Amino acid sequence: MTKCWKTVLLTGVMTSVFLTGCMGKIKYPTYYTLNLAPPADPPLKGGALPSIAVREFRAPAYLREGPIVYLTSPEEIGFYQYHRWAVDPRQTIAGAIVEYLRASGNFKLVKIYDGRNDVDYVLSGHLEKLNEVDYEGGVQVEVALSAQVTDIHNGNTIWANSAAEKGKVEGRNVSSVVAQMSKLTDRSIEELLKSLSLPQLTTAKP
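None of the values given here were measured: they were computed from a predicted structure.

Conventions adopted
Numbers given for residues are sequential positions, taken from 1 along each chain in its written order. Per-residue local features are limited, in this predicted model, to residues with pLDDT of at least 70; the limit for side-chain atom pairs, both in listing and counting, is 80 or more; totals at the level of whole chains, interfaces and linings are taken over all residues. As a rule here, side-chain values cover all heavy atoms of the structure and leave hydrogens and water aside. In this text, buried Ala, Val, Leu, Ile, Met, Phe, Trp, Tyr and Cys residues form a nonpolar core when linked through side-chain atoms within 4.5 Å. Burial status follows relative accessibility: with a 1.4 Å probe on protein chains alone, a residue under 20% of its type maximum counts as buried, one over 50% as exposed, and anything between as partly exposed. Under the DSSP-based scheme used, a helix requires at least four consecutive residues in state H or I and a strand at least two consecutive residues in state E, with every element numbered from the N terminus. Only heavy atoms matter for contacts: two residues are in contact if any of them lie within 4.5 Å across the pair. A pair of strands is labelled paired if DSSP reports no fewer than 2 bridges between them. Multiplying 1.5 Å by the helix residue count minus one yields the expected span of that helix.

S.K.: Now, about the nonpolar core: what can you tell me, with residues and values included?
M.R.: Formed by 41 residues in total, the largest nonpolar core has its most connected members in Ile 97, Leu 101 and Leu 123. The dominant element in this core, judged by the number of residues it contributes, is helix H3 (residues 174–193), at eight residues. Setting aside residues up to four positions removed in sequence, Leu 101 forms contacts with Ile 52, Val 54, Asn 106, Phe 107, Val 110, Leu 123, Leu 193 and Leu 196.

Here is the structure:
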């Protein structure tokens, strides 16, 4: 083998080893989604029923960035670089609320708001907290939601409520954190909406 070819071969081997080493150090993100329980089938109700649309929830900017959030103090926010939401939690929560309202049997139509005024009411909400909390002894999760219902015909707010849950995380990994977030989000949605009743809606109509 000529000296020239030996040099080319050695260079190729060194490049291959270098690339293999670099590739071995690449770390890819893990993606998560809230796993919310499906509601029961809706009961059968007679009479004229109203319709409602659910807007995508608003949230603080730091909850819209994608990474899962943890708090190391009331003033300091951290982000998991390699643990991210696959689906924006605001979309997941809005979709779960649509299913919850359908299951209540109180509405002839429930849908995600599409900008059209073809419903009687619009529910708007705010995802206020969806955090891991690391500064109160052990690892905890906190979830907070608020919402209001507006009459699409006159702009009046006919209902408003808020709900918050907090609980410890038993496991020692991000999957356990997300599982607790899912559990507490389910509870928060139920607590948030349990006071939204059909009599409230029908009596609010002119």
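Moving on, there is more to tell.
S.K.: Kindly report on the environment of Leu 130, identifying the contributing residues and their values.
M.R.: Here Leu 130 shows up in strand E6 (residues 121–133). Put simply, Leu 130 and Glu 142 are twelve residues apart on the chain and 5.8 Å apart in space, counted from C-alpha to C-alpha. Sequence-distant contacts of Leu 130, defined by excluding residues within four places in its chain, comprise Leu 34, Leu 63, Val 69, Trp 85, Pro 89, Glu 142, Val 143, Met 181 and Thr 185.

S.K.: Tell me what's going on with the pairing of strand E7 (residues 140–151), and back it up with residues and numbers.
M.R.: In summary, the side chains of a regular strand alternate between the two faces of the sheet. Within E7, eleven of the twelve residues are buried, leaving the element largely enclosed by the surrounding structure. The loop that links E6 with its antiparallel partner E7 comprises six residues; one of these, Gly 137, has a positive phi angle of about 90 degrees. Where E7 and strand E8 (residues 157–168) come together, eleven bridges link them in antiparallel fashion. Within the sheet, the bridge partner assigned to Ala 144 lies in E8 and is Ala 164. Turn length for the E7-E8 hairpin, with the two strands adjacent in sequence and antiparallel, is five residues, and the turn residue Gly 155 shows positive phi of about 80 degrees.

S.K.: With reference to specific residues and values, describe the pairing of E6.
M.R.: Among the 13 residues of E6, ten are classified as buried, and the element is accordingly described as predominantly covered. Across three bridges, strand E2 (residues 51–54) lies against E6 in parallel orientation. For Ile 52, the partnering residue across the bridge sits in E6 and is Tyr 121. Note: strand E3 (residues 67–73) against E6, two bridges, orientation parallel.

S.K.: Explain helix H2 (residues 89–104) to me, using residue names and the numbers behind them.
M.R.: In this model, H2 (16 residues) spans 22 Å end to end at C-alpha, consistent with the 22 Å of a helix rising 1.5 Å per residue. Burial in H2 covers these residues: Pro 89, Arg 90, Thr 92, Ile 93, Ala 94, Ala 96, Ile 97, Val 98, Leu 101, Ala 103 and Ser 104. Among the structural elements, E2, strand E4 (76–85), strand E5 (109–112), E6, E7 and H3 are those in contact with the buried residues of H2. Note on H2: the residue one or two positions beyond its end, Gly 105, has a positive phi of about 75 degrees.

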